[in-house]
Amino acid sequence: MERTLSIIKPDAVAKNVVGQILGRFEKAGLTIAATKKLRLSKLDAKKFYEVHEERPFFKDLVDFMVSGPVVVSVLEGENAVALNRELMGETNPKEAKPGTIRADFAESIDANAVHGSDSADNAKVEIAFFFASKDIF
Ligand code: GDP
């Protein structure tokens, strides 16, 4: 069993496809161990994406992530990190395989519908960023 962090980004929340995206996780065999809707502060968004601080798109990324509410979830299952990345599709929706979340719901590399942890180690850090262990089931 493994856990990963998923964020449904402001574009997908605004499109009202939260249920459809969570449904894809469940259909693929992942369990929603915790979930909540919240709006990131600029400080939180900067901290969450601090590995990208030096990248040219950092400011746009932070501005986008605080532009509206997000839905943050802990997904649990076998190979949860890799499975979630597969369901998400490539970072650039134009390169994402048909049937993936980004191919179906995302418009651009900025507004690309979802975030998913990229390793089990990062997942632990990202999950702890949003959830106390007592709130994960
Ligand atoms: P992810 O793990 O697939 O989300 O991709 P990364 O960790 O590499 O990047 C984090 C987020 O930064 C992505 O989901 C995009 O929203 C954004 N991003 C990454 N690369 C670019 C880029 O070249 N241009 C822009 N505008 N945004 C980018």
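In the block above lies the structure referred to throughout.
Below, the structure is looked at part by part. Note that the structure is predicted; figures quoted are calculated from it, not measured. (Residues numbered from 1 in each chain as written. Predicted model: local features only at pLDDT ≥ 70, side-chain atom pairs only at ≥ 80, totals over all residues. Heavy atoms only, no water.)

## As for the site of the ligand
The criterion, for reference: Throughout, the term near means that a residue has one or more heavy atoms lying within 4 Å of the molecule or strand in question. Between N or O atoms, a polar contact is any pair within 3.5 Å; within protein, one atom must be a potential hydrogen donor and the other a potential acceptor, and residues adjacent in sequence are included only when both atoms are from side chains. For every accessible area listed, the method is Shrake-Rupley and the probe measures 1.4 Å; residues are considered covered only by the protein chains on display. Any residue that is not Ala, Val, Leu, Ile, Met, Phe, Trp, Tyr, Cys, Pro, Asp, Glu, Lys or Arg is counted as polar, Gly included; the first ten are nonpolar and the last four charged.
Neighbouring residues of the ligand: Lys-9, His-52, Phe-57, Leu-61, Arg-85, Thr-91, Arg-102, Ile-109, Asp-110 and Asn-112. Within the side chain of Arg-102, an N or O atom sits 3.1 Å from an oxygen atom of the ligand. The fraction of the free accessible surface of the ligand (550 Å²) that becomes covered by protein chains is 79%. For the shell around the ligand, a count of residues per class yields 3 nonpolar, 3 polar and 4 charged.

## With respect to the packing of aromatic side chains
Worth spelling out the cut-off: Centre distance within 6.5 Å is the pairing criterion for rings of Phe, Tyr and Trp, where only the six-membered ring of Trp is used; planes under 30 degrees apart are then read as stacked, over 60 as edge-to-face, and the remainder as tilted. Here the term buried applies to any residue with accessible area under 20% of the maximum for its type, exposed to any over 50%, and partly exposed to those in between, with areas from a 1.4 Å probe on protein chains only. Where helices and strands are cited, they refer to DSSP runs of H or I of at least four residues and of E of at least two residues respectively, numbered from the N terminus.
Under the defined criterion, the tally for this structure stands at 4 aromatic pairs. Where Phe-48 meets Tyr-49, the ring centres are 5.1 Å apart and the plane angle is 90°; that geometry is what we call edge-to-face. Overall, the relative accessible area of 6% leaves Tyr-49 in the buried class. On the numbers, 5.5 Å between centres and 65° between planes, the contact of Phe-48 with Phe-129 is edge-to-face. Note that Phe-48 is positioned in helix H3 (residues 42–48) and Phe-129 in helix H7 (residues 120–130), a separation of 81 residues in sequence.

Function cannot be inferred from these measures alone, as they are strictly geometric.
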